[in-house]
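Architecture and fold: a report
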Amino acid sequence: QVQLVESGGGLVQAGDSLRLSCAASGRTFSSYYWAWFRQYQGKEREFVAGITWTGGSTYYGDFVKGRFTISRDNAKNTVYLQIPSLKPEDTAVYFCAAGLVLYSRVGYDYNYWGQGTRVTVSS
């Protein structure tokens, strides 16, 4: 069993920086692969970025275009999503997820989800 709790969202201005955090707990969390998804009102949940817990290998959604960085701190049991310069189109609820399918970009491959943290970017 894995439990995930996101934090770090909020109301920000375009151009601001955010670092979203996903705190993980559970006996087997280190055996999972981790990802960030986001969901805007009325749209499907989309893949943002993924990372392996042990090796730190990363992969990103096509729309990211190098703007976001996913990372993890094993000692803190935490995965991060760094967004250096936010745009209004980044407005969404961001979810942390864990699963057993390597490099998966689809939500149904992930077994555990956090409650989400809302990011609202004003122009």
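One structure accompanies this document, and this report is about it. Every chain is numbered on its own, with residues counted from 1 as its sequence reads. Side-chain atom pairs in this predicted model are given and counted only at pLDDT of 80 or more, local residue features only at pLDDT of at least 70, and totals for whole chains, interfaces and linings cover all residues. Processing note: side-chain calculations cover all non-hydrogen atoms of the structure and skip hydrogens and water entirely.

**Quick look at the packing of aromatic side chains**
Only Phe, Tyr and Trp rings are paired, with Trp represented by its six-membered ring, and only when their centres lie within 6.5 Å; those with planes under 30 degrees apart are stacked, over 60 edge-to-face, the remainder tilted. Here the structure, examined in full by the defined rule, presents 9 aromatic pairs. On the basis of an interplanar angle of 70° and a centroid distance of 6.3 Å, the ring pair of Tyr110 and Trp113 is categorised as edge-to-face. According to the relative accessible area criterion, Tyr110 is buried, its value standing at 5%. Throughout, exposure labels follow a simple rule: accessible area from a 1.4 Å probe, protein chains only, divided by the maximum for the residue type, with under 20% read as buried, over 50% as exposed, and the rest as partly exposed. For Trp113, a relative accessible area of 28% puts it in the partly exposed group. An aromatic cluster is built from Phe37, Phe47, Tyr59, Phe95, Tyr103, Tyr110 and Trp113, whose rings are joined through pairwise contacts. Counted as over-ring charges are cases with an Arg CZ or a Lys NZ within 6 Å of the ring centre that also lie within 35 degrees of the ring normal. It is Arg45 that lies over the ring of Phe95; its NZ or CZ is 3.8 Å from the centre.

**Focus: the nonpolar core**
Put simply, buried Ala, Val, Leu, Ile, Met, Phe, Trp, Tyr and Cys residues joined by side-chain atoms within 4.5 Å make one nonpolar core. Counting 28 residues, the largest nonpolar core has Leu4, Trp34, Trp36, Val48, Val79, Leu81 and Tyr94 as the members making the most contacts within it. Secondary structure elements are defined from DSSP: runs of H or I of at least 4 residues count as helices, runs of E of at least 2 residues count as strands, and each element is numbered from the N terminus. The set of elements that each furnish at least two residues to this core consists of strand 3 (18-25), strand 4 (33-39), strand 5 (46-52), strand 8 (78-83), strand 9 (92-99) and strand 11 (117-122). Grouped together as the second largest cluster of nonpolar side chains are 6 residues, Ala35, Phe37, Ala97 and Tyr110 included.

**Overview of the layout of surface pockets**
Gaps between atoms show up when a probe of the same size as a water molecule is rolled over them. By volume, the largest pocket is sized at about 150 Å³. Grid spacing is 1 Å over the protein atoms alone, the probe is 1.4 Å, and a cavity is where that probe fits but cannot get out, while a pocket is an open set with protein on both sides within 12 Å along at least five of seven lines and lining residues have an atom within 4 Å of a point. The wall of the largest pocket is formed by Arg38, Gln39, Tyr40, Lys43, Glu44, Glu46, Pro88, Glu89, Thr91 and Ala92. Residue classes follow a fixed rule: Ala, Val, Leu, Ile, Met, Phe, Trp, Tyr, Cys and Pro count as nonpolar, while Asp, Glu, Lys and Arg count as charged, and any other residue, Gly among them, counts as polar. Its residues assigned to classes, the lining of the largest pocket shows 3 nonpolar, 2 polar and 5 charged. Grid points are joined across faces, edges and corners, and a volume is the space filled by probe spheres set on the points.

**With respect to the environment of Tyr60**
Looking at the secondary structure, you find Tyr60 in strand 6 (residues 58-60). For Tyr60, a relative accessible area of 24% gives the class partly exposed. In this analysis, two residues are considered to be in contact whenever any of their non-hydrogen atoms come within 4.5 Å of each other. Setting aside anything within four residues of it in sequence, one finds Tyr60 in contact with Phe47, Val48, Ala49, Phe68, Thr69, Ile70 and Arg105.

**Topic: the pattern of salt bridges**
Note on definitions: salt bridges are taken to be side-chain nitrogens of Lys or Arg within 4 Å of carboxyl oxygens of Asp or Glu. Scanning all chains against the criterion turns up 3 salt bridges. The partner of Arg38 in a salt bridge is Glu46, and the shortest N-O contact between them spans 2.8 Å. According to the relative accessible area criterion, Arg38 is buried, its value standing at 6%. By relative accessible area, which is 30% here, Glu46 ends up partly exposed. Between Asp90 and Arg67 there is a salt bridge whose closest N-O contact spans 2.5 Å.

**Things to note about the sheet that holds strand 8**
Read across the sheet, 4 strands follow the order 1-3-8-7 without closing on themselves; strand pairing throughout is antiparallel. The sheet terminates laterally at strand 1 (3-7) and strand 7 (69-73), the two strands that pair on one side only. Sheet twist, expressed as the mean angle between neighbouring strand axes with direction ignored, is 20°. Should DSSP find at least two bridges between two strands, the strands are regarded as paired. Bridge analysis of strand 7 against strand 8 gives 5 bridges, and the strand direction is antiparallel. Every angle, taken between N-to-C directions, lies between 0 and 180 degrees, and every axis is a line fitted to C-alpha atoms, over only the stretch in contact when it is a helix.

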